[in-house]
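A look at the structure
Residues per chain, in single letters:
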Amino acid sequence: VQLQASGGGLVQAGTSLQLSCAASGFIFRNYGVAWFRQALGKDREFVAAITWGGRSIYYADFVKGRFTISRDNAKDAAFLQMNSLKPEDTAIYYCAAALQFNEATLRSRYEYDYWGQGTQVTVSS
């Protein structure tokens, strides 16, 4: 089982990045997917989530209108398009997958079965 996050980098404030999450070793289309992030010295926090079929999407308040989560089940992949990046978006971004996925618990990191290794996003001012 593997989730491989990629696409991070060093960018200036106001620009965009797209993160990718490639899945293997499990039936990806059966799992809800989320992105979390962890800034230096802080707890891991929920960013966005998408249900197995992509019909329902959820965002943390601090990214609404700037970030877009999506998935392509045919390619076993998920994405996080990040626009209008701010220095406070600097963090390691992780993708995660959960088989049991519901609106009440999807913001909790403990609900996820599989995690990627993370990709660093650094936004300079």
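Details of the structure are given in the entry above.
Our subject in this report is the structure included herewith. Values in this document were obtained by computation on a predicted structure and should not be read as measured data.

1. Side note on the pairing of strand 9 (residues 91–98)
For strand 9, the tally of buried residues reaches 7 of 8 residues, placing the bulk of the element in the interior. In this structure, strand 4 (residues 32–38) lies alongside strand 9, joined through 7 bridges in antiparallel fashion. The residue of strand 9 that forms the bridge with Arg37 is Tyr93. Looking at chain direction, strand 9 and strand 11 (residues 119–124) are connected through 3 bridges and run antiparallel.

2. Comments concerning the sheet that holds strand 1 (residues 2–6)
Pairing between the strands of a sheet comes from backbone hydrogen bonds, and it takes one of two forms, parallel or antiparallel. Sheet architecture is open: 4 strands sit in the order 1-3-8-7, paired in antiparallel fashion. In this open sheet, the two strands that pair with only one neighbour each are strand 1 and strand 7 (67–72). When strand polarity is set aside, the average angle formed by the axes of neighbouring strands in this sheet is 15°. Pairing geometry for strand 3 (residues 17–24) and strand 8 (residues 77–82), over 6 bridges, is antiparallel. The residue bridging Ser20 from the neighbouring strand is Phe79, located in strand 8.

3. Focus on the packing of aromatic side chains
Considering all chains together, one arrives at 10 aromatic pairs under this definition. Geometrically, the ring pair formed by Phe26 and Tyr31 is edge-to-face, given 4.9 Å between the ring centres and 75° between the ring planes. Residue Phe26 is classed as buried on the basis of its relative accessible area of 13%. Considering the side-chain rings of Tyr94 and Trp115, the 6.4 Å spacing of their centres and the 75° angle between planes classify their relative orientation as edge-to-face. A residue pair is termed long-range when its members are at least 10 positions apart, and Tyr94 in strand 9 and Trp115 in strand 10 (residues 114–115) qualify at 21 residues. Judged by relative accessible area, which is 26%, Trp115 ranks as partly exposed. Following the ring pairs from residue to residue traces out a cluster consisting of Phe36, Phe46, Tyr94, Phe101, Tyr112 and Trp115. Geometry around Trp115 places Arg44 over its ring, the cationic atom sitting 4.9 Å from the centre. Cation over ring: Arg71 sits above Phe28, and NZ or CZ is 4.4 Å from the ring centre.

4. Let's talk about the nonpolar core
Core analysis: the largest hydrophobic core is formed by 40 residues, its most contacted members being Trp35, Leu80, Met82, Tyr93 and Tyr112. The element contributing the most residues to this core is strand 9, with 6 residues. Contact partners of Met82, with chain neighbours within four places excluded, come to Thr15, Ser16, Leu17, Leu19, Arg66, Phe67, Tyr93 and Val121.

5. Observations concerning the pairing of strand 8
Where burial is concerned, most of strand 8 is hidden: 5 out of the 6 residues are buried. In this structure, strand 7 lies alongside strand 8, joined through 6 bridges in antiparallel fashion. When the sheet's bridge partners are listed, Arg71 is paired in strand 8 with Ala78.

6. Re unusual backbone geometry
Phi at Asp76 takes a positive value of approximately 50°, unusual for a residue other than glycine. Tracing the backbone through its elements, the reader meets Asp76 in the loop between strand 7 and strand 8. With a relative accessible area of 27%, Asp76 lands in the partly exposed category.

Calculation notes
Residues numbered from 1 in each chain as written. Predicted model: local features only at pLDDT ≥ 70, side-chain atom pairs only at ≥ 80, totals over all residues. Heavy atoms only, no water. Buried < 20%, exposed > 50% of the residue type's maximum accessible area, 1.4 Å probe, protein only. Helix = DSSP H or I, 4+ residues; strand = E, 2+ residues; numbered from the N terminus. Pairing = 2+ DSSP bridges. Axes fitted to C-alpha atoms, helices over the stretch in contact; angles between N-to-C directions. Phe/Tyr/Trp six-rings, centres within 6.5 Å; stacked < 30°, edge-to-face > 60°. Lys NZ or Arg CZ within 6 Å of the ring centre and 35° of its normal. Core = buried A, V, L, I, M, F, W, Y, C linked by side-chain atoms within 4.5 Å. Contact = heavy atoms within 4.5 Å.

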